[in-house]
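# Structural overview
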Amino acid sequence: MAETKKIAVIAGDGIGPEVVAEAEKVLKRSEELFGYSFELSHGLFGGIAIDQKGTPLPQETLDLCKGADAVLLGAVGGPKWDDNPKELRPETGLLGIRKALGLFSNIRPAVVFDCLKDASTLKPEVLEGTDLIVVRELTGGIYFGDKFRRDGANGQEAVDTCVYNVSEVERIVRQAFEIARTRRKKLASVDKANVLETSRLWRETVNRIAPEYPDVELEHVLVDNCAMQLLRRPSSFDVIVTENMFGDILSDEAAMLTGSIGMLSSASLGEGSFGLYEPVHGSAPDIAGQGIANPIATILSVALMFRLTFGYADAADSIERAVKNVLDAGHRTGDIAVDRSKAIGTKAMGDLIVAAMTR
Ligand code: NAD
């Protein structure tokens, strides 16, 4: 029997509890198939925590997360809390949890399933074989640098400063090299080294670390070129690592290659193997409570957790294979269905994926 892993499960609001319930079934099936052992503890977070505890991120939920090996999060938010003051908004809880858990990178896979190629706005032949991960630095760069206004010779000026130190670059780049090692061993480091000093430091640091990973093929790509190449040759990328703002933009661009938000998983990682795993989508209040949400993004977030935090590649493969087989067999939730009258619900999709999992 494998060591018991502690997972904090935070369902959140809207469709969060619906999709997380299906991911929990997948966790259970992974225990049965592979002999792994998970201890799940449930916590309140987001709008539901505001209603029941008067704060979006109760201390007990934070403690639960800190005591866990990984966190599985549904989604938070909804119109009910939109007009609340800042400290009583679900989004404030999201920023708070990331900071409190020391999460400094965001990992977003973009995988194009062959049978869904037509759902993307790009030509199917361009998308063929696309399977990439964007690793985005999350705590530095221009979003966190000094911001101010001043009077200039031609009127008011605004200034945003972009700062990175070597250790911030080193830790994210090492993480990206390690992830590339578990995949096709290709890393694209994206910067703007022809113009920006922070990018020159970034590139120098990448080049200094690269000899530690001789098995990983490294390319440097300027961010404007990367934005183009993602549309022209997406399948040639494996792992892309970049700073905060470039990553914000490129991860959204990469997400659109796949065609549906209901399919996109993500992870936010800190030091060591700890990670918070969640679907990219929000709480989808427009379809909450109807049992029609696509649970695949959350289920694939479990596969990502297995791969990145626990090193359970066998179970991760099993989940990803099951998702592919269920889609290949023609089963679709409404968001990815061509003929919506034949769409299946959240629970049915979860059950099919669980049934398709094999050793
Ligand atoms: P959203 O992702 O919730 O929904 C956008 C559209 O995609 C909606 O039409 C929705 O029905 C659809 N959709 C999303 N996930 C789906 C799924 N799994 N299956 C089928 N369809 C799906 O984005 P939004 O409407 O901009 O935001 C709604 C709420 O979620 C807001 O309160 C927002 O702040 C919050 N939000 C939370 C997170 C998070 O928890 N990390 C992320 C984004 C948005």
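Residues numbered from 1 in each chain as written. Predicted model: local features only at pLDDT ≥ 70, side-chain atom pairs only at ≥ 80, totals over all residues. Heavy atoms only, no water.

## Quick look at the sheet that holds strand β2 (residues 37–42)
To keep it simple, the criterion reads: Two strands form a pair only when DSSP identifies at least two bridges running between them. The secondary structure listing takes helices from DSSP runs of H or I that are at least 4 residues long and strands from runs of E that are at least 2 residues long, numbered from the N terminus. The angle between two axes is taken between their N-to-C directions and runs from 0 to 180 degrees, where each axis is a line fitted to C-alpha atoms and a helix contributes only its stretch in contact. The criterion used for residue contact is that any of the two residues' heavy atoms lie within 4.5 Å.
If you trace the 10 strands from one edge of the open sheet to the other, you get β2-β1-β3-β12-β11-β4-β5-β10-β8-β9, paired in mixed fashion. Both outer strands of the open sheet, β2 and β9 (217–222), are each paired with one neighbouring strand and no more. Adjacent strand axes in the sheet meet at a mean angle of 25° when their direction is disregarded. Inspection of the sheet shows strand β5 (residues 131–137) paired to strand β10 (residues 239–242) by four bridges, in the parallel sense. Residue V134 lies in a different strand from β10, and its bridge partner there is I240. Packing of helix α6 (residues 166–181) onto the sheet brings it into contact with β4 (105–111), β5, β8 (186–191), β9, β10 and β11 (265–269), and relative to β5 it is tilted by some 165°. Taken strand by strand, helix α8 (residues 223–232) contacts β5, β8, β9 and β10, and its axis lies near 105° from that of β9.

## Thoughts on the domain arrangement of the protein
As a reminder of what qualifies: What fixes the domain bounds is an automatic or database domain assignment. As a working definition, buried area equals the accessible area (1.4 Å probe) given up by two parts on being put together, with both sides summed. Just to be clear on terms, a salt bridge is a Lys or Arg side-chain nitrogen sitting within 4 Å of an Asp or Glu carboxyl oxygen.
Here the protein is partitioned into domain 1 (1–104 + 263–359) and domain 2 (121–257). Centre-to-centre, using C-alpha coordinates, domain 1 lies 26 Å away from domain 2. In this assembly, eight residues from domain 1 lie in contact with nine residues from domain 2. For the pair domain 1 and domain 2, the summed buried surface comes to about 760 Å²; carbon and sulfur atoms form 68% of the total. It is F104, L264 and L269 in domain 1 that bury the most area against domain 2; as a group they hold 62% of the surface buried on that side. At the boundary of domain 1 with domain 2, the tally comes to one salt bridge. Note that E271 is salt-bridged to R171, the shortest N-O span being 3.8 Å.

## Description of the packing of aromatic side chains
Selection rule: We call Phe, Tyr and Trp rings a pair once their centres come within 6.5 Å, taking the six-membered ring for Trp, and we label the pair stacked below 30 degrees between planes, edge-to-face above 60, and tilted otherwise. Accessibility here uses a 1.4 Å probe with only protein chains present; expressed as a share of the type maximum, an area under 20% marks a residue as buried, one over 50% as exposed, and anything in between as partly exposed. Here, over-ring charges are defined by two tests on the NZ atom of lysine or the CZ atom of arginine: distance to the ring centre within 6 Å, and angle to the ring normal within 35 degrees.
Enumeration according to the criterion identifies 10 aromatic pairs in this entry. Taking the centre distance of 6.1 Å and the plane angle of 15° together, the rings of F34 and Y36 count as stacked. Neither residue differs from the other here; F34 and Y36 are each classed as buried. When the centroid spacing of 6.4 Å and the interplanar angle of 40° are considered together, the rings of F306 and F310 count as tilted. Placement of the pair is F306 and F310 together in helix α10 (residues 296–310), with a separation of four residues, close to one helical turn. Judged by relative accessible area, F306 falls into the buried class, the value being 0%. By the ring-pair criterion, three or more aromatic residues cluster together here, those being F34, Y36, F38, F306, F310 and Y312. Between the NZ or CZ atom of R171 and the centre of the ring of F104, over which it lies, the distance is 4.1 Å. Taking the ring centre of F237 as reference, the NZ or CZ of R233 above it sits at 4.7 Å.

## Thoughts on unusual backbone geometry
Even without a glycine there, the phi angle at K185 is positive, about 65°. Looking at the secondary structure, you find K185 in the loop between α6 and β8. For K185, a relative accessible area of 34% puts it in the partly exposed group. Phi at A284 takes a positive value of approximately 40°, unusual for a residue other than glycine. For A284, the position within the fold is in the loop between β12 (275–279) and α10.

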